[in-house]
Amino acid sequence: MGKIRALIVDDSSVMRKIVERSLRQAGIDLDKVVEASNGAEALVALQNNTVDLILCDINMPVMDGLEFVRQVHTVESAKGVPIVMITTEGSESHVVQALTAGARGYIRKPFTADQVKEHVVPVLGSKI
Amino acid sequence: MSTDTSFITRSHEENWLPILQLAVEEVFEIMLGSRVKPETLPEHEASGEFTAMIGLAGSLCGILTVRCDGKTAFQVAKCMLGDTAKSEEEVADALGEICNMIAGNFKNKLAGADERCMLSVPSVITGGEYSLHSLADGSSMEAIFLFEDAPVSVRLQLQS
């Protein structure tokens, strides 16, 4: 199983820790975890770090998760990196907006490590 | 509790309180590993040392608050993180996220409401010497849960 470099984007530092722990509990071997507290910070982080996976909240100040997903293709090294949304916004319209913008998965908070595994492992494909 | 006796507000309160309670139970069980049940005849009143709040706007307009004492708020953070919280800021962050997830889980359970209702970023007040005056003038509902023997109040106040 390959080691995974992940970017976790959430305005809550507690939630970033929980997402990281859930990834480990899901059996994903993390090599490196980069954190950002909003979409704008995440775009900057991607210019300085290469990652294999992005997990992103939607409701964040400065730049929300949907706008981040729309803009992420502007960072060359992030093209093709799978994005999974992790959010309290559970409406169908949010899911459609996120998937249309390019997200590959959608997890509703509250979530279990099993749900993280179910949605993240398939999008990592041959990387693990 | 609201004293508003209009049919609509009573109807909301009667129908939505069990949904709010279920939303709280699910968040506590999944995120804290703790099974909580609403107190049917609450003997305890939650202190307001930590009050997390989140605004709802759109088809459902109002404010949801989660209130508890400081020791309980630290315990919530400990259960979420699997470790002792290192600062009051981290505890506030944890309680704010619990409030956020309860609000999201609640609106996701209301058929149709989730499509047209937005949540604000949560805020947290620490310290008990304050009064909260919501301008939401509709019905309100409150449930008290015992988490590790301490009361946690979850209150939803809606704009009529």
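Scroll up to find the structure this text is about.
These figures come from a predicted structure and were not determined experimentally. (Residues numbered from 1 in each chain as written. Chains lettered and ligands numbered in written order. Predicted model: local features only at pLDDT ≥ 70, side-chain atom pairs only at ≥ 80, totals over all residues.)

A. Layout of the interface of chain A and chain B. In this complex, chain A contributes 20 residues to the contact, which on the side of chain B involves 22 residues. Elements with a contribution of two residues or more to the side of chain A that touches chain B: α1 (13–25) and α4 (92–101) of chain A. No other element matches α1(A), which puts 6 residues into the side of chain A that touches chain B. (Contact = placed C-beta atoms within 7 Å. Helix = DSSP H or I, 4+ residues; strand = E, 2+ residues; numbered from the N terminus.)

B. Quick look at the pairing of strand β2 (residues 30–36) of chain A. All names here are of chain A. Where strand β1 (residues 4–9) lies against β2, 6 bridges are found, and the strand directions are parallel. Bridge assignment links Ile 8 to a residue of β2, and that residue is Glu 35. Running through α1, the crossover from β1 to the neighbouring parallel element β2 is right-handed. (Pairing = 2+ DSSP bridges. Right-handed = clockwise from strand over helix to strand, strands pointing away.)

C. Structural detail: the sheet that holds β1(A). Residues and elements named next belong to chain A. With parallel pairing, the 5 strands of this open sheet are ordered in space as β2-β1-β3-β4-β5. One side of each edge strand has no neighbouring strand; the edge strands of this open sheet are β2 and β5 (105–108). Across this sheet, the average inter-strand angle for adjacent strands is 20°, counted without regard to direction. In this structure, β1 lies alongside strand β3 (residues 53–56), joined through 4 bridges in parallel fashion. Across the sheet, Ile 8 pairs through a bridge with Leu 55, a residue of β3. Of the strands in this sheet, β1 and β2 touch helix α2 (residues 39–48), which is tilted by about 155° from β1. (Axes fitted to C-alpha atoms, helices over the stretch in contact; angles between N-to-C directions.)

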